[in-house]
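Reading the structure
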Amino acid sequence: IPTRLTVERDGDVYRFGAITETASAPQRDIALDPDLVNEANMELAAQRDKGRQRESGEFLERLLFPADLQQLLSSNAPLVLTCDATVARIHWEMVAQPDPRTGGGIASEPNRTFLGIHRGFTRQLRTIFAPPPEPPPPPNRVLRVLIVGDPAADNPLPGAQKEAMLV
């Protein structure tokens, strides 16, 4: 059963809510300087060294997530993140995954990894511009899908093209 996390920004306030298999966390309003969040986010994406990348991901985790939500994220359950267009710019996939063995994060834990590779991770964009959902197509209609399996020709991911073909 996935953990559902909602994040939105209203001015200098980041609003968090979470629902897990066993609990729900009341909405948390966290006052944060959006420029600081943007700077930390850009630094994380720019890192090429894996160790520095991990440190930047841990910093962004501690900066963004209230302590009680860090504990809720400490699982192997899939994570569904619903966010508005403002916070969708954050590289959530590269935020540090709290260590499920400790119920939280330990900055010096060498086995910590990123949300996007530790567990199933899905983003849902909440917007006022999206039309209401359509009913499912009739069974005889052909569905067309675009799958981007390996977009970086200069730095291909091992096995990504094969995986995309299988999908």
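Presented here is a report on the structure given in the accompanying data block. (Residues numbered from 1 in each chain as written. Predicted model: local features only at pLDDT ≥ 70, side-chain atom pairs only at ≥ 80, totals over all residues. Heavy atoms only, no water.)

1. Brief notes about the side chain of Gln-53
Test applied: In this text, helices come from DSSP runs of H or I with a minimum length of four residues, and strands from runs of E with a minimum of two, each type numbered from the N-terminal end. Counting of polar contacts relies on pairs of N or O atoms within 3.5 Å, with two restrictions inside protein: one atom must be capable of donating a hydrogen and the other of accepting it, and residues adjacent in sequence are counted only when both atoms are side-chain atoms. Contacts between residues were defined by any pair of non-hydrogen atoms, one from each residue, lying within 4.5 Å.
Looking at where Gln-53 falls in the secondary structure, it is placed in helix H2 (residues 50-64). Separated by 3.2 Å, the side chain of Gln-53 and the backbone oxygen of Gln-47 make a polar contact. For Gln-53, the contacting residues outside a window of four places in its chain are Leu-44, Gln-47, Met-94 and Phe-114.

2. Quick look at the pattern of salt bridges
Under the convention used in this document: Salt bridge, as used here, is a side-chain nitrogen of Lys or Arg placed within 4 Å of a carboxyl oxygen of Asp or Glu. Relative accessibility under 20% of the residue-type maximum defines a buried residue, over 50% an exposed one, and the middle range a partly exposed one, all with a 1.4 Å probe and only protein chains included.
Applying the stated criterion across every chain, the model contains 8 salt bridges. In this structure, Arg-52 engages Glu-55 in a salt bridge whose closest nitrogen and oxygen atoms are separated by 2.9 Å. With Arg-52 and Glu-55 both in helix H2 and 3 residues apart, this pair spans about one turn of that helix. Assessed through its relative accessible area of 38%, Arg-52 is described here as partly exposed. The residue Arg-123 makes a salt bridge to Glu-93 at a minimum N-O spacing of 2.8 Å. Here Arg-123, found in strand S5 (residues 121-125), pairs with Glu-93, found in the loop between strand S4 (79-83) and helix H4 (115-118); they are 30 residues apart in sequence, far enough to count as distant. Each member of the salt-bridge network shares a partner with another, and the members are Glu-8, Asp-10, Arg-15, Asp-29 and Arg-126.

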